[in-house]
Amino acid sequence: MVKKLSSLFALGLFTLSLVGSVLAEDFRGRIAKVENDGRSITLRKRDGKEVNVRVSGRGSPLEGASDRSELAEGQRVNVTFDENEERKTASKIAIRK
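Residue indices begin from 1 for each chain and proceed along its sequence in written order. At least 70 in pLDDT is required for a residue's local features to be given in this predicted model, at least 80 for side-chain atom pairs to be given and counted, and no such filter applies to totals for whole chains, interfaces and linings, which use all residues. Water and hydrogen atoms were dropped before computing side-chain values, which therefore reflect all heavy atoms in the structure.

> Provide a residue-level description of the overall build of the chain, including the pertinent values.
Secondary structure elements are defined from DSSP: runs of H or I of at least 4 residues count as helices, runs of E of at least 2 residues count as strands, and each element is numbered from the N terminus. What the chain contains, in helices and strands, is one helix and six strands. Overall, the chain shows an N-to-C arrangement of helices and strands of α-β-β-β-β-β-β. Expressed as a percentage of its 97 residues, the buried residues of the chain come to 26%. Relative to all contacts within the chain whose residues are 6 or more apart in sequence, the contacts with residues 24 or more apart total 52%. A total of about 6,800 Å² of accessible surface is found on the chain, and carbon and sulfur atoms cover 52% of it. Type-normalised accessible area, obtained with a 1.4 Å probe on protein chains alone, sets the label of each residue: buried when under 20%, exposed when over 50%, and partly exposed for intermediate values. Throughout, a residue-residue contact means that at least one pair of heavy atoms, one from each residue, lies within 4.5 Å. Values of accessible area rely on a 1.4 Å probe in the Shrake-Rupley scheme; residue burial ignores everything except the protein chains shown.

> Break down the nonpolar core for me, with residues and values.
Among buried residues, the Ala, Val, Leu, Ile, Met, Phe, Trp, Tyr and Cys ones that are joined through side-chain atoms within 4.5 Å form a nonpolar core. Of all hydrophobic cores here, the largest spans 15 residues; its most connected members are Ile41, Leu43, Val53, Leu71, Val77, Val79 and Ile93. Mapped onto this core, the elements with two or more residues apiece are strand S1 (24-35), strand S2 (40-44), strand S3 (50-54), strand S5 (76-82) and strand S6 (90-96). Sequence-distant contacts of Val79, defined by excluding residues within four places in its chain, comprise Glu25, Asp26, Phe27, Leu43, Val53, Ala90, Lys92 and Ile93.

> I'd love a proper account of unusual backbone geometry, names of residues and values included.
In this model, Asn36 sits at a positive phi of 50°, which is unusual for a non-glycine residue. Here Asn36 is to be found in the loop between S1 and S2.

> Hey, could you go over a positive patch on the surface for me, with residue numbers and the actual values?
The patch calculation keeps residues exceeding 30% relative accessible area without a salt bridge and links them within 9 Å when they carry like charges or within 5 Å when they are nonpolar (Val, Leu, Ile, Met, Phe, Trp, Tyr). Here a salt bridge means any side-chain nitrogen of Lys or Arg lying within 4 Å of a carboxyl oxygen belonging to Asp or Glu. Just so you know, the count uses Lys and Arg for positive and Asp and Glu for negative, and it drops His and the chain ends. The atoms used to mark charge sites are NZ of Lys, CZ of Arg, CG of Asp and CD of Glu. A cluster of basic residues, Arg28, Arg30, Arg46 and Arg76, forms a positive patch at the surface. One can find Arg46 in the loop between S2 and S3.

Limitation: the analysis is restricted to geometry and does not speak to function.
Take a look at the structure:
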């Protein structure tokens with residue numbers, strides 16, 4: 001009985017991990033606003049759609065900048081963030097040239 005329950009629990013965790021990865025969203029646009037020394041950024045697409053994303057120090061790797069304090073308004077970026085959170089948190093930020 002215990003073995004069966006642990007197998008079901010493991011299967012449930014695996015399923016949840018798949019759902020989380022499916023809900024990640026890629027956003028390509030420009031930084032419209034930087035707040036709290038780069039801890040929060042507002043992104044804007046060409047069509048005007050905006051999204052506010054939290055930038056975690058360790059959980060949001062940056063490509064093209066040494067740290068989040070270098071994020072600036074007008075920079076073109078590709079951002080991947082998790083959609084399943086109440087607050088969107090960037091899982092990757094790449095500054096485009």
